[in-house]
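Each chain, letter by letter, is given below.
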Amino acid sequence: MVQVYLVFTTNYFPWLTIVAVLPIFGGSLIFFLPHKGNKVIRLYTLFICIIELLLTTYAFYYYFQLDDPLMQLTEDYKWIDFFDFYWRLGIDGLSIGPILLTGFITTLATLAAWPVTRDSRLFHFLMLAMYSGQIGLFSSRDLLLFFIMWELELIPVYLLISAWGGKKRLYSATKFILYTAGSSVFLLLGVLGIGLYASNEPTLNFETSANQSYPVALEIIFYIGFLIAFAVKSPIIPFHTWLPDTHGEAHYSTCMLLAGILLKMGAYGLVRINMEFLPRAHSIFAPWLMIVGTIQIIYAASASPGQRNLKKRIAYSSVSHMGFIIIGIGSLSDMGLNGAFLQIISHGFIGAALFFLAGTSYDRIRLVYLDEMGGMAVPVPKIFTTFSILSMASLALPGMSGFVAELIVFFGIITSQNFFLIQKILITFVMAIGTILTPIYSLSMLRQMFYGYKFFNAPNSYFFDSGPRELFISISIFLPVIGIGLYPDFVFSLSVDKVETLISNFLFINKKFS
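About the criteria used
- Here the residue numbering is sequential within each chain, running from 1 through the sequence in written order.
- pLDDT decides what is reported in this predicted model: residues at 70 or higher carry local features, side-chain atom pairs at 80 or more are listed and counted, and totals for whole chains, interfaces and linings draw on all residues regardless.
- Hydrogens are left out, water is left out, and the side-chain values use all remaining heavy atoms of the structure.
- Axes here refer to lines fitted to C-alpha atoms; in helices the fit is confined to the stretch in contact. Angles between the N-to-C directions go from 0 to 180 degrees.
- We count a stretch as a helix when DSSP gives it H or I for four or more residues in a row; a strand needs E for two or more, and each element gets its number in order from the N terminus.
- Orientation labels follow simple angle bins: below 35 degrees gives roughly parallel, above 145 gives roughly antiparallel, 65 to 115 gives roughly perpendicular, and whatever is left gives oblique.
- We call a crossing left-handed when the near helix sits turned anticlockwise from the far one by less than a right angle, and right-handed when that turn is clockwise.
- Residue contacts follow a heavy-atom distance rule, with two residues in contact if any of their heavy atoms lie within 4.5 Å.
- Note on residue classes: Ala, Val, Leu, Ile, Met, Phe, Trp, Tyr, Cys and Pro are nonpolar, Asp, Glu, Lys and Arg are charged, and everything else, Gly too, is polar.
- Confidence scores per residue from the predictor, reported as pLDDT, run from 0 to 100.
- The classification of residues rests on relative accessible area computed with a 1.4 Å probe and restricted to protein chains. Under 20% of the type maximum is buried, over 50% is exposed, and intermediate values are partly exposed.
- One less than the number of residues in a helix, times 1.5 Å, gives the span that helix is expected to have.

Trainee: So what's going on with the packing of helix 14 (residues 310-330) against helix 18 (residues 421-450)? Which residues, and what values?
Mentor: At their nearest, the axes of helix 14 and helix 18 sit 11 Å apart, and the two run at 160° to each other. Our classification of the angle between helix 14 and helix 18 gives roughly antiparallel. At the point where helix 14 passes helix 18, the crossing takes the left-handed sense. Taking contact as the criterion, the partners of Leu310, Arg313, Ile314, Ser317, Ser320, His321, Phe324 and Ile327 in helix 14 are, on helix 18, Met431, Thr435, Thr438, Tyr441, Ser444, Met445, Gln448 and Met449. A class-by-class count of the residues in the contact of helix 14 with helix 18 yields eight nonpolar, seven polar and one charged.

Written as structure tokens, this is what we have:
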């Protein structure tokens, strides 16, 4: 009994394996539940998500040291003897935030999927399979395991779009799988290249790969391969065209997972692999990342007002906000990278909330085009209020998380020692234009949906307003948005030590080889 107690109360307990495997294992049991209606399946899935979130929070609260930049809760088990493949898991300051975000958003997305009744067993199993893939990716310490978890996402998302999407769901699902599976080829080539370089046996351990040096030309080739893979998932223009179509057709609970977590996997990969493993190539590409990120902010913010489809307009706003993350990663400064990390968390909440509210609006009026809407503020005041507040968060209203994240990215560029003054002024000026364009598409979206007289004067224009379940989801997302906006140190405390170590190592390596 003493030995069992010690295992449970020390780092030797396989917390991350349990957290990564529990959702897909629990999800597979859905098919064995008795046929007593969809309510049992929904409650069971929600129970798995809540248990998973509580386990994750408990393990991180008691066993994760915030001031330690090294990997913690590490696990290292030999999985396949044939080619020396290990099950390696571990977390640090970069991965703890996205893992907690994944648990939170997936739990709320499961609650948001309550109206789904057709083939609900398969639907909820796919959501839980996605959950395992996301946790596994963010906690992976092995390149091949990272790739497997990356691929684990594709089939569930494809099926969720193609089976429960809108009228053009097959087109959108096919486009999604072609883009993401095609980019995965580059990821696999990069993984094999790094793993097999200068070694007779594969070396796929993150720690070994991070300390390996490569010829600059080879490093650039690896960097480009990984960049293409992560650029599609983030997305970075011009690899973004799958996103508006996918969001436009997917069920809103799937959109919550796409906007809240899936896009963040690409940004996480850019930092974890491109920046950490290939520092010299990253220093070469960093100015170009900043330029592309700036163009992305302006382009997507300009394209968004032209979208008739409500969810496509929100999708373009997501592309625009991801530009700030790309700029933060390219800034090569502590503050810029911390701002990018904060934007990953902030947009995860805000993007998921906006797609949820767009979906609840569609459930009532059965319209997707903004020019056919209007006057919804009177019949559905609760949806109007929550949509307005979270749209303000999206346009970076002071006091909310989006404002702090974008401000820190701005400061990261200004304080960066790696760029000339004229470069910093130009980037900052163009980014500022992007922040001016954001209120244009956000406020025009609110005006087209909620103001005017279309529904107010229409016969039979009574709609049910938000119920307790929908209000609970909206408030649950709003609280962290306002909490992080007022006290961003809560998020910075997770990442600041790891980011400082990462930037110090990055600058040291580049100085050493310069």
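There is more to say, and it comes next.
Trainee: Give me the confidence of the model for the protein chain: which residues, what numbers.
Mentor: Averaged over the protein chain, the pLDDT score is 84; the fraction of residues at 70 or greater is 93%. Predicted confidence is poor over residues 1-10, with pLDDT under 50, and the contacts of this stretch with residues over four places away or in other chains come to eight contacts.

Trainee: Can you break down the environment of Gly485 residue by residue, with the values?
Mentor: Summarising the element assignment, Gly485 is placed in helix 20 (residues 468-486). Sequence separation between Gly485 and Ile344 is 141 residues; the distance between their C-alpha atoms is 14 Å. In this structure, Gly485 is in contact with Gly399, Met400, Ser401 and Val404, ignoring residues within four places of it in sequence.

Trainee: I'd like to hear about the packing of helix 11 (residues 242-249) against helix 14, residue by residue, with values.
Mentor: Helix 14 packs onto helix 11 with a crossing angle of 140° between their chain directions and a minimal axis gap of 8 Å. For the element pair helix 11 / helix 14, the angle class is oblique. Along this stretch, helix 11 crosses helix 14, giving a crossing that reads as right-handed. The residues of helix 14 that touch helix 11, namely those facing Leu243, Pro244, Asp245, His247, Gly248 and Glu249, are Lys311, Lys312, Ala315, Tyr316 and Val319. Along the lines of polarity and charge, the residues of the contact of helix 11 with helix 14 split into five nonpolar, two polar and four charged.

Trainee: Which residues make up the side chain of Ser394, and what are the values?
Mentor: Relative to the helices and strands, Ser394 resides in helix 16 (residues 381-394). Ser394 sits in the buried class, given a relative accessible area of 5%. Setting aside residues no more than four positions away along its own chain, Ser394 makes contact with His321, Ile350, Leu354, Thr438 and Ser442.

Trainee: Lay out unusual backbone geometry with the relevant residues and their values.
Mentor: Of note, the bond from Ser234 into Pro235 is cis; its omega dihedral lies within 30 degrees of zero at -10°. Looking at the secondary structure, you find Pro235 in the loop between helix 10 (216-233) and helix 11. With an omega of 5°, the peptide bond running from Ile237 to Pro238 counts as cis. With respect to the helices, strands and loops of the structure, Pro238 is situated in the loop between helix 10 and helix 11. The phi dihedral of Leu73 falls on the positive side, at around 50°, and the residue is not glycine.

Trainee: Got a sec to walk through helix 15 (residues 334-365)? Specific residues and values, please.
Mentor: Residue pairs three or four apart in sequence face the same way in an α-helix, which turns once every 3.6 residues. The end-to-end C-alpha distance of helix 15, which contains 32 residues, comes to 46 Å, matching closely the 46 Å that a straight helix rising 1.5 Å per residue would cover. The buried fraction of helix 15 amounts to 28 of the 32 residues, a majority that puts the element mostly inside the structure. Phi turns positive one or two residues past the end of helix 15, at Arg366, with a value near 55°.

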